[in-house]
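Working through the structure, step by step
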There are 2 protein chains.
Amino acid sequence: MTKSQQIHSATILDAARRISPHINRTPVLTSATIDRLLNAQIFLKCENFQKVGAFKARGATNAVLSLDESQLLHGVATHSSGNHAQALSWAASLKNVRAYIVMPSNSSKIKVEAVRDYGGIITFCEPTLEARETTLAGILEKTGAIEVHPYNNEKVIAGQATAALELIREIQHLDIIMAPVGGGGLLSGTSLSVHYFLPQGKVIAVEPEQANDAYLSFINRKLIPSENPDTIADGLRTSLGSITYPIIQKHVHSIVTVSEESIVKSMRYIWERMKIMIEPSSAVPFAALMEGKIETAGKRIGIIISGGNVDLDDLPWMKNG
Amino acid sequence: MTKSQQIHSATILDAARRISPHINRTPVLTSATIDRLLNAQIFLKCENFQKVGAFKARGATNAVLSLDESQLLHGVATHSSGNHAQALSWAASLKNVRAYIVMPSNSSKIKVEAVRDYGGIITFCEPTLEARETTLAGILEKTGAIEVHPYNNEKVIAGQATAALELIREIQHLDIIMAPVGGGGLLSGTSLSVHYFLPQGKVIAVEPEQANDAYLSFINRKLIPSENPDTIADGLRTSLGSITYPIIQKHVHSIVTVSEESIVKSMRYIWERMKIMIEPSSAVPFAALMEGKIETAGKRIGIIISGGNVDLDDLPWMKNG
């Protein structure tokens, strides 16, 4: 028995009910050009249009709203490279409680500013998992705040699962749902929603080659963390956790990896063709389709577009100019 | 009696029926942050998600589909600084006919490439109205193609009017509908749709200060063309036409102007907050709200977001870096 087996279908449905008054029901967009290119039907679940610009609003809101008043008294705390930091700060503001945020020093400027705008109290640390955890432990001890981990938390996972739940309810007969994988919160939630609500569907995860801990863990059937990986997909630099890994091992069909060049090209392609802003992490699943790594012919494929928080002064193609 | 009086409500409803199998029904997006900022309810009709990335697909499609086979035999032709050029090339391809496109030599690279991709046959000319018209006249004589003017054409105006028609049908009780104004095709169509289908609503047009021919024409109550104006809003460099001007004079409530700086700031603000790509011309109405030029308190305001065709290697804020 793993802890993950405690996330039932009812847990996800409860999360959906709990968070729906606060979050956006994001649109699902399609493109005739992309469908022709891939000889498939592609449905983009646009969590870049979610509150705080990323799916992370779902998990953080579910976690915060699941705590009672006495638990919230000393606030909440987390470590995050960006979107979860914004999400927890925003979710805490819904309940008027403090959010203590540990951020790695290489977090993008726009994400740091957004956390401040939402009222998060930031402490910077070295960009390693160890430094994040040590710094956070100190804050938890000092303040009495409750930790809301960015992904290794069942309430967070159940919250993230609601994106795929909405997609499955809106778009009938999907064959495949794709999601990027970093710490695995979105992926484990997605795979549980597919397991419960689209049992004939497959979940295919995609990861940057340069941050392939989930891929290595999956094929070796054991949790293999990565050490400070370097990828432009800044949301995917974290490693799987003890709760997300077993769910992924059990419910995900396969994990494929993509190159950095392909991530940037795919990101730009989506911007130009779809007229939507997506962040590099969001382009990772589409990059696998562009690289021909997944059989698409005639398939109906949903993709969770994870977020749209990008620094417009620091776009990846500017560096190539 | 002006020619404009020939565009009845039935003309617009016919256009909507004619083009609906081919064009996108674009979404209407909102933002809680923007609504708080302006103390209003703002509804963005996202024609940046339209075919060819702009509302121009509506007018061009209505014009092409209104011609019979014998009229289409020698193709269609136009002059356009960009989006209409793409739109007519694309609309012509629906009927497998040729599209001859006269483009000013300062058209953005991405728009020139897109016209080529849709199969348009391009002839470049100097960036003046006179050069466009002379070059086009030569092509019409040589090929026997039928001209589809970018805005001074009733079928085009009726097509553009369908964007506001969709917005009015989807969002109840709008107080104001805003649109940018260049040649006036979108604005005259929008004002006719509001006249027929939202009779208690006001149309407020917005124009760059540096291309203020519509503003000057409107307050002086006579058509005053501009000469080669310089604005970043490249879709709005053209002057009103003999058909669009009288409709605008009759049905538009007011025209306000905005600075170049404000257009760029507003464009970037929409990108960052809404995660959608809009072109400079599309940011012009929102810029008027940001400049406080329109009373917004408690109002329900629809804005036609005209297009999203932007060169990602040449963003306006890169020049300030």
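Residues numbered from 1 in each chain as written. Chains lettered and ligands numbered in written order. Predicted model: local features only at pLDDT ≥ 70, side-chain atom pairs only at ≥ 80, totals over all residues. Heavy atoms only, no water.

**Observations concerning the overall build of chain A**
Heads up, the rule is: The helix count covers DSSP runs of H or I at least four residues long, the strand count covers runs of E at least two residues long, and both are numbered beginning at the N terminus. Radius of gyration: over C-alpha atoms. The globule rule applied is 2.2 Å multiplied by the number of residues raised to the 0.38 power. Throughout this description, buried means an accessible area under 20% of the type-specific maximum (1.4 Å probe, protein chains only), exposed means over 50%, and partly exposed covers the range between. Only heavy atoms matter for contacts: two residues are in contact if any of them lie within 4.5 Å across the pair. Throughout, the Shrake-Rupley method with a 1.4 Å probe supplies accessible areas, and for residues the shown protein chains are the sole cover considered.
A tally of regular secondary structure across chain A gives 13 helices and ten strands. Over its C-alpha trace chain A gives a radius of gyration of 18 Å, about what one expects of a compact globule, namely 20 Å for 321 residues. Seen through its C-alpha atoms, chain A measures out along the principal axes to roughly 55 × 50 × 40 Å. When each of the 321 residues of chain A is scored for burial, the buried share is 61%. When contacts within chain A are restricted to residue pairs at least 6 apart in sequence, long-range pairs at least 24 apart make up 73% of them. Of the roughly 12300 Å² that chain A leaves accessible, carbon and sulfur atoms contribute 48%.

**Regarding the environment of B:Leu67**
All names here are of chain B. Mapped onto the secondary structure, Leu 67 falls in the loop between helix H3 (56-65) and helix H4 (69-72). With relative accessibility at 16%, the residue Leu 67 sits in the buried group. Along the backbone, Leu 67 and Ile 146 are 79 residues apart, and their C-alpha atoms lie at a distance of 9.3 Å. Beyond its immediate chain neighbours, meaning those up to four positions away, Leu 67 contacts Leu 72, Val 76 and Ile 146.

**Overview of the sheet that holds strand S6 (residues 146-147) of chain A**
Residues and elements named next belong to chain A. As a reminder of what qualifies: By the convention used here, strands pair only if DSSP detects at least 2 bridges between them. What counts as an axis is a line fitted to C-alpha atoms, over the stretch in contact for a helix, and the angles between N-to-C directions run from 0 to 180 degrees.
Reading across the sheet, the four strands line up as S5-S4-S3-S6 and stay open at both edges, with parallel pairing between neighbours. The sheet is open, and its two edges are formed by strand S5 (121-125) and S6, each paired on a single side. When strand S3 (residues 76-79) meets strand S4 (residues 99-104), the two strands line up parallel, connected through four bridges. Bridge pairing links Ala 77 to Tyr 100 in S4. Along the sheet, helix H5 (residues 83-94) makes contact with S3 and S4, crossing S4 at roughly 170 degrees.

**Examining the sheet that holds strand S1 (residues 28-29) of chain A**
The six strands lie next to each other as S1-S2-S10-S7-S8-S9 (chain A), forming an open sheet whose pairing is mixed. Strands with a single pairing partner mark the edges of an open sheet, and in this sheet they are S1 and strand S9 (254-258) of chain A.

**Focus on the relation of the copies chain B and chain A**
Note the threshold: C-alpha atoms of residues with pLDDT of at least 70 in both copies form the basis for the least-squares superposition of the copies.
Between chain B and chain A, the superposition needs a rotation of 180 degrees and an axial shift of 0.0 Å, giving an RMSD of 0.0 Å. Taken together, the rotation angle and the small translation identify this as a two-fold axis. No C-alpha of chain B lies nearer the rotation axis than that of B:Ile276, which sits 2.2 Å from it. Of the interface residues in chain B, 100% have counterparts in chain A that sit at the interface too, so the contact is made through matching surfaces.

**A closer look at the packing of helix H1 (residues 9-19) of chain B against H3(B)**
Residues and elements named next belong to chain B. Heads up, the condition is: When an angle is under 35 degrees it counts as roughly parallel; over 145 it counts as roughly antiparallel; between 65 and 115 it counts as roughly perpendicular; any other value is oblique. Three classes are used: nonpolar for Ala, Val, Leu, Ile, Met, Phe, Trp, Tyr, Cys and Pro, charged for Asp, Glu, Lys and Arg, and polar for all others, with Gly counted as polar.
Put simply, H1 and H3 touch, their axes get as near as 9 Å, and they point 90 degrees apart. In terms of their interaxial angle, H1 and H3 are classed as roughly perpendicular. Along the contact surface, H1 presents Ala 15, Arg 18 and Ile 19, while H3 presents Arg 58, Thr 61, Asn 62 and Leu 65. Of the residues in the contact of H1 with H3, the class split is three nonpolar, two polar and two charged.

Treat this as a map of the structure, not an account of what it does.
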